[in-house]
Amino acid sequence: MCTPSYLADTARRLGRDWKLQVQVFDRRGIEQLKMGSFLSVAKGSAQEPRLIVVKYNGGPKSGKAAAPVVLVGKGVTFDSGGISIKPSASMDEMKFDMCGAASVLGTLRTAAELKLKVNLIGVVVACENLPSGTANKPGDIVTSMSGQTIEVLNTDAEGRLILIDALSFVARFKPAAVIDIATLTGACVVALGDIRSGLFTDDESLASALLKAGVDTNDLAWRMPLDEAY
């Protein structure tokens, strides 16, 4: 039921209900943005991809304080692993691979409900990752929005492929901060368990703010190392 177009329709409904600005890019619009990395993941599925942008403007209209915080959400509405297919035992749970996207949309609604005095932009990249005759193959090379080429060694690393184009896209908003929310790798759950989310950042003030917010809301994070060895 929760397809990329369903997520887009949900965002549009939020826009109507809470006076949010919503823009949805279909496949053609995504192609015009040259998001070749994102599109490469989507091409194995009959479900069309969507790039969803939701804006809440509750903060200052000008000056440095007007720079928005951008939330980027991974919206893989089903992740089979593609050609590098996952084990079947728990594959049913991969309908939850869009929880980053759901978190972003929920946060935008919450900001609007509470009338927070912030400028917030949510960007959701939504698609399915399925095996088919048109799907990404291990060894394929794709070109991202930034013009960098990427060799796809494992098609189950699809989150990186869609998020890299989303992170290039959000630069146009000149954000104060970008927070990327994703069910990116099961290895993080193996390392940290089910209680804390892994937090990766080289920005000390942002790290402190996010860790404190996690404590305040009982949605805890654990800061991960980013030195060269890791």
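The model shown is predicted, which means the values in this text are computed figures rather than measured ones. (Residues numbered from 1 in each chain as written. Predicted model: local features only at pLDDT ≥ 70, side-chain atom pairs only at ≥ 80, totals over all residues. Heavy atoms only, no water.)

**Q** Go over the overall build of the protein with me, naming the residues and quoting the values.
**A** When you go through the protein residue by residue, the secondary structure sums to seven helices and nine strands. A compact globule built from 230 residues would reach a C-alpha radius of gyration of about 17 Å, and the protein, at 17 Å, matches this within 12%. Counting only C-alpha atoms and orienting by the principal axes, one finds that the protein spans roughly 50 × 40 × 35 Å. Residues classed as buried in the protein amount to 42% of the 230 residues present. In the protein, the share of contacts with a sequence separation of at least 24, taken over all contacts with a separation of at least 6, comes to 73%. Accessible area of the protein: about 12,600 Å², with a carbon and sulfur share of 55%. Separation of charge centres in the protein, based on 25 positive and 25 negative side chains, amounts to 10 Å. (Helix = DSSP H or I, 4+ residues; strand = E, 2+ residues; numbered from the N terminus. Rg over C-alpha atoms; globule rule 2.2 N^0.38 Å. Buried < 20%, exposed > 50% of the residue type's maximum accessible area, 1.4 Å probe, protein only. Contact = heavy atoms within 4.5 Å. Areas by Shrake-Rupley, 256 points an atom, 1.4 Å probe, with all protein chains shown as cover. Lys, Arg positive; Asp, Glu negative; His and termini not counted. Charge placed at Lys NZ, Arg CZ, Asp CG, Glu CD.)

**Q** Before we move on, can you summarise the sheet that holds strand β1 (residues 21–25) with the specific residues and values?
**A** The five strands lie next to each other as β1-β2-β4-β3-β7, forming an open sheet whose pairing is mixed. Strands at the two margins of the open sheet, each flanked by one partner only, are β1 and β7 (177–181). This sheet shows a mean twist of 15° between the axes of neighbouring strands, independent of strand direction. Sheet analysis places strand β3 (residues 69–79) next to strand β4 (residues 119–129), joined by 10 bridges and oriented parallel. Following the sheet pairing, K74 is matched in β4 by V125. Sheet strands in contact with helix α4 (residues 99–114) are β2 (50–57), β3, β4 and β7, and its direction is about 140° off that of β3. (Pairing = 2+ DSSP bridges. Axes fitted to C-alpha atoms, helices over the stretch in contact; angles between N-to-C directions.)

**Q** How would you sum up the packing of helix α1 (residues 4–18) against α4? Please name residues and give values.
**A** At a closest axis distance of 11 Å, the pairing of α1 and α4 adopts a crossing angle of 5°. As the angle between them shows, α1 and α4 are arranged roughly parallel. Side by side, α1 and α4 meet where L7, T10, A11, L14 and W18 of the first sit next to A101, L105, R109, A112 and E113 of the second. When the residues that make up the contact of α1 with α4 are grouped by side-chain class, the tally is seven nonpolar, one polar and two charged. (Parallel < 35°, antiparallel > 145°, perpendicular 65-115°, else oblique. Nonpolar A, V, L, I, M, F, W, Y, C, P; charged D, E, K, R; others polar.)

**Q** Can you tell me about the side chain of D79, naming the residues and giving the values?
**A** Relative to the helices and strands, D79 resides in strand β3. Residue D79 is classed as buried on the basis of its relative accessible area, which comes to 2%. A polar contact of 2.8 Å, which involves the side chain of D79, links it to the side chain of N129. Non-local contacts of D79, meaning those with residues more than four positions away in its chain, are made with K86, M91, M94, D97, N129, D156 and E158. (Polar contact = N/O pair within 3.5 Å; in protein donor to acceptor, adjacent residues only side chain to side chain.)

**Q** Could you give me a rundown of the environment of K34, with the residues and numbers involved?
**A** Along the polypeptide, K34 turns up in the loop between α2 (27–32) and α3 (36–42). Along the chain, K34 and R196 lie 162 residues apart, while their C-alpha atoms are 35 Å from each other. Apart from the residues within four sequence positions on either side, K34 is in contact with T143, S144 and M145.

**Q** Tell me about helix α7 (residues 204–217), residues and numbers included.
**A** If you check α7, its first and last C-alpha atoms are 20 Å apart, about what 14 residues at 1.5 Å a residue would give, namely 20 Å. Residues of α7 that are buried: L206, A207 and G214. Each buried residue of α7 lies within a common arc of 100° when the element is viewed along its axis, so the set occupies one face. Turned more than 90 degrees from where α7 packs its buried face, E204, S205, K212, V215 and D216 sit exposed. Contacts made by the buried residues of α7 are with β7, β8 (197–199) and β9 (221–223). Directly beyond the C-terminal end of α7, a positive phi value near 55° is found at N218. (Expected span 1.5 Å × (residues − 1). Arc of directions from axis to C-beta.)

**Q** So what's going on with the packing of aromatic side chains? Residues and values would help.
**A** Within the structure shown, the criterion is met by two aromatic pairs. Seen from their ring centres, F25 and F169 are 5.9 Å apart, and the 80° between their planes marks the pair as edge-to-face. Of the two residues, F25 sits in strand β1 while F169 sits in helix α5 (residues 158–169), which places them 144 residues apart along the sequence. The class of F25 is buried, set by a relative accessible area of 14%. For F169, a relative accessible area of 2% gives the class buried. Between F169 and F173, the ring centres sit 5.7 Å apart and the planes meet at 85°, which makes this aromatic pair edge-to-face. Feature note: the residues F25, F169 and F173 constitute an aromatic cluster, connected by ring pairs. (Phe/Tyr/Trp six-rings, centres within 6.5 Å; stacked < 30°, edge-to-face > 60°.)

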